[in-house]
Amino acid sequence: MKFAFRAAAGLVLAFSTLAANAQAWPSRPITMVMPYSPGGPGDTITRVFAAAMQKTLGQQVVVDNTAGASGTIGTAKVARSAADGYTLLMIHVSHATNLAMYKGLPYHPVDDFEPIGSATSGPMVIVARNDFPPKDLPEFISYVRANAAKVNLAHAGVGSASHLCGLMMMNALNVKLNEIPYKGTGPALADVMGGQVDILCDQTSGTVPPVKGGRIKAYAVPGRARLPSLPTVPAISEAGVQQFDINISFGLYAPKGTPRPVLEQLTAALQKAVADPEVRAKLEGMGISAVNPEQATPAALRAHLKQEIDTLGPLLVKAGVKAN
């Protein structure tokens, strides 16, 4: 009887401590890891949400760019972090594709993380250095097909969003270009603007501002619809190119085992952020959209991740693409 009483008392104390810790959370700054380099679209998106969520959470949300190996270094860092809600991961499609890209990945995208919710949905755009010869989309397609061995295609690393977009583009146009991998979109885009590489297919959050600023030129948007942010840039389907459509979503995760009350607070803060008119305006200015609050949930992000793993993983395996 005495043992049972002590055991029961211990359980009550444990649950009371957990509840007290959850109620006290957050009591110090939160780190939001962006596993790609500064200056890229993921970095911009992460900083927008960090600033918005810290207003709700009442603590500073610091962005940590831990780049390298297609996002796996920063992602592994979060997986190894304490499951206390103070270290988060903002990541896109590479969270799914790295499972197919890397043998012996030091974490599992499903088993080692708690989904908090989806944050954004963003289209892609094909851009090039300003002095790239083609004048419009039909000329671009003809030129790339005729000069494939000479055309350099930049991307943000194997398995990244820009790499996937580049692979889809090459498949759709039936060409093999010279792929130039970078450690993040920021450096890749900088070299396109500087004229060191020819083309890049990447998210509008990073490409729309320099297109509007005249620092690079845009040829097409993958898919069937033009973008409100770039209304004069044609959808690639307008040139008869089919089966080339890609949209990149960012989602927020915490390490596996993060207390449920903490996750609920994080989801609530994310839902408030995606509904914030200031956040939506900033994202729309970059050519992407915040998701609706009902998509900023663990269930929605979990389903989206599964869909990407099931569809993009086999695509990469079939193409024989592996991480270096």
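The shown structure was predicted, so the numbers you read here are calculated from the model rather than taken from an experiment.

Engineer: Hey, could you run me through the side chain of His-92 in this one?
Structural biologist: Tracing the chain through its elements places His-92 in the loop between strand E3 (87-91) and helix H4 (94-101). For His-92, a relative accessible area of 7% corresponds to the buried category. Those residues within four positions of His-92 in sequence are excluded, and the remaining contacts are Tyr-36, Ala-161, Gln-203, Ile-248, Ser-249 and Phe-250.

Engineer: For this particular structure, what's the right way to read the packing of aromatic side chains?
Structural biologist: One pair of aromatic rings is described through two measures. These are the centre distance and the angle between the planes. If you walk through the whole model with that rule in mind, you get seven aromatic pairs. One aromatic cluster is present, formed by Phe-132, Phe-140, Tyr-143 and Tyr-219 through successive ring pairs. Here the basic side chain of Arg-28 rests over the ring of Tyr-86, its NZ or CZ set 3.8 Å away from the ring centre.

Engineer: Can you walk me through the nonpolar core in this structure?
Structural biologist: Among soluble globular proteins, nonpolar side chains are generally buried collectively. Counting 86 residues, the largest nonpolar core has Phe-49, Phe-140 and Leu-177 as its most contacted members. With eight residues, the single largest contributor to this core is helix H6 (residues 161-173). Setting aside chain neighbours within four positions, we find Phe-140 in contact with Ile-126, Phe-132, Pro-134, Met-169, Leu-173, Ile-199 and Tyr-219. In this structure, Leu-189, Val-197, Val-211 and Ile-216 belong to the second largest nonpolar core, which totals 17 residues.

Engineer: Would you mind showing me how to read the state of the cysteines here?
Structural biologist: A disulfide bridge is the covalent bond that connects two cysteines by way of their sulfur atoms. Summed over all chains, the structure comprises one disulfide. Disulfide pairing is shown between Cys-165 and Cys-201; the S-S distance is 1.8 Å. Of the two residues, Cys-165 sits in helix H6 while Cys-201 sits in strand E7 (residues 199-203), which places them 36 residues apart along the sequence. The exposure class of Cys-165 is buried, given its relative accessible area of 0%.

Engineer: Explanation requested: helix H11 (residues 298-319) in the structure shown.
Structural biologist: Turn by turn, an α-helix covers 3.6 residues, leaving residues three or four places apart pointing in a common direction. For H11, spanning 22 residues, the distance from its first C-alpha to its last is 31 Å, which sits close to the expected 32 Å at 1.5 Å a residue. Packing partners of the buried residues in H11 comprise H4, strand E4 (113-128), H6 and strand E9 (247-255).

Engineer: Quick question: what am I supposed to make of the confidence of the model for the chain here?
Structural biologist: Any residue range with low pLDDT should be treated as having predicted coordinates unsuitable for detailed reading. Chain-level pLDDT for the chain is 90 on average; 93% of the residues reach the 70-or-more range. Confidence drops under a pLDDT of 50 for residues 1-9, and excluding neighbours within four residues, the segment shows zero contacts in the predicted structure.

Engineer: Even after reading the chapter, I still don't get helix H3 (residues 72-80), so can you show me in this structure?
Structural biologist: Residues Thr-72, Gly-74, Thr-75, Ala-76 and Val-78 constitute the buried set of H3. In the core, the buried residues of H3 are packed alongside strand E1 (30-34), E3, H4, E4 and E9.

Engineer: I keep staring at the environment of Ala-235 and nothing clicks. Help me out?
Structural biologist: Mapped onto the elements, Ala-235 comes out in the loop between strand E8 (217-220) and E9. Its relative accessible area of 0% is what places Ala-235 among the buried residues. Once the C-alpha coordinates of Ala-235 and Gly-223 are considered, the two residues, twelve residues apart in sequence, prove to be 5.9 Å apart.

Engineer: Quick question: what am I supposed to make of the environment of Ser-160 here?
Structural biologist: Note on placement: Ser-160 falls in the loop between strand E5 (152-155) and H6. Judged by its relative accessible area of 1%, Ser-160 falls in the buried class. Sequence separation of Ser-160 and Val-93 is 67 residues, and the distance between their C-alpha atoms is 7.3 Å. Beyond its immediate stretch of four places on either side in the chain, Ser-160 contacts Tyr-36 and His-155.

Engineer: Is there a simple way to explain the pattern of salt bridges in this structure?
Structural biologist: One side chain can pair with another of opposite charge once the charged atoms of both are near each other. Across all of its chains, the model carries twelve salt bridges by this definition. Across the salt bridge formed by Asp-131 and Arg-129, the nearest N and O atoms sit 2.7 Å from each other. On the basis of relative accessible area, Arg-129 is assigned to the buried category, the value being 15%. Between Lys-282 and Glu-278 there is a salt bridge, with the nearest N and O atoms lying 3.5 Å from each other.

Engineer: Just to check I follow, could you spell out unusual backbone geometry for this structure?
Structural biologist: In terms of backbone geometry, most residues other than glycine have negative phi values and most peptide bonds are trans. The peptide bond linking Trp-25 to Pro-26 adopts the cis configuration, its omega dihedral lying at 0°. As for its position among the elements, Pro-26 is in the loop between helix H1 (2-24) and E1. A positive phi angle is found at Ala-69, which is not glycine, with a value near 55°. Secondary-structure assignment places Ala-69 in the loop between strand E2 (61-65) and H3. Despite not being glycine, Ser-70 shows a phi value in the positive range, around 55°.

Engineer: Looking at this structure, how should I read the packing of helix H5 (residues 137-146) against H6?
Structural biologist: Packed helix pairs are specified by the crossing angle of their axes together with the interaxial distance, meaning the distance between the axes. Orientation of H5 relative to H6, taken along the N-to-C sense of each, is 85°, at an axis distance of 11 Å. Taken as axis vectors, H5 and H6 run roughly perpendicular relative to one another. Across from Phe-140, Ile-141, Val-144 and Arg-145 in H5, the residues of H6 making contact are Met-169, Ala-172 and Leu-173. A per-class count over the contact of H5 with H6 returns six nonpolar, no polar and one charged.

How each quantity is defined
Residues numbered from 1 in each chain as written. Predicted model: local features only at pLDDT ≥ 70, side-chain atom pairs only at ≥ 80, totals over all residues. Heavy atoms only, no water. Helix = DSSP H or I, 4+ residues; strand = E, 2+ residues; numbered from the N terminus. Buried < 20%, exposed > 50% of the residue type's maximum accessible area, 1.4 Å probe, protein only. Contact = heavy atoms within 4.5 Å. Phe/Tyr/Trp six-rings, centres within 6.5 Å; stacked < 30°, edge-to-face > 60°. Lys NZ or Arg CZ within 6 Å of the ring centre and 35° of its normal. Core = buried A, V, L, I, M, F, W, Y, C linked by side-chain atoms within 4.5 Å. Disulfide = S-S within 2.5 Å. Expected span 1.5 Å × (residues − 1). pLDDT = per-residue confidence, 0-100. Salt bridge = Lys/Arg side-chain N within 4 Å of Asp/Glu carboxyl O. Axes fitted to C-alpha atoms, helices over the stretch in contact; angles between N-to-C directions. Parallel < 35°, antiparallel > 145°, perpendicular 65-115°, else oblique. Nonpolar A, V, L, I, M, F, W, Y, C, P; charged D, E, K, R; others polar.

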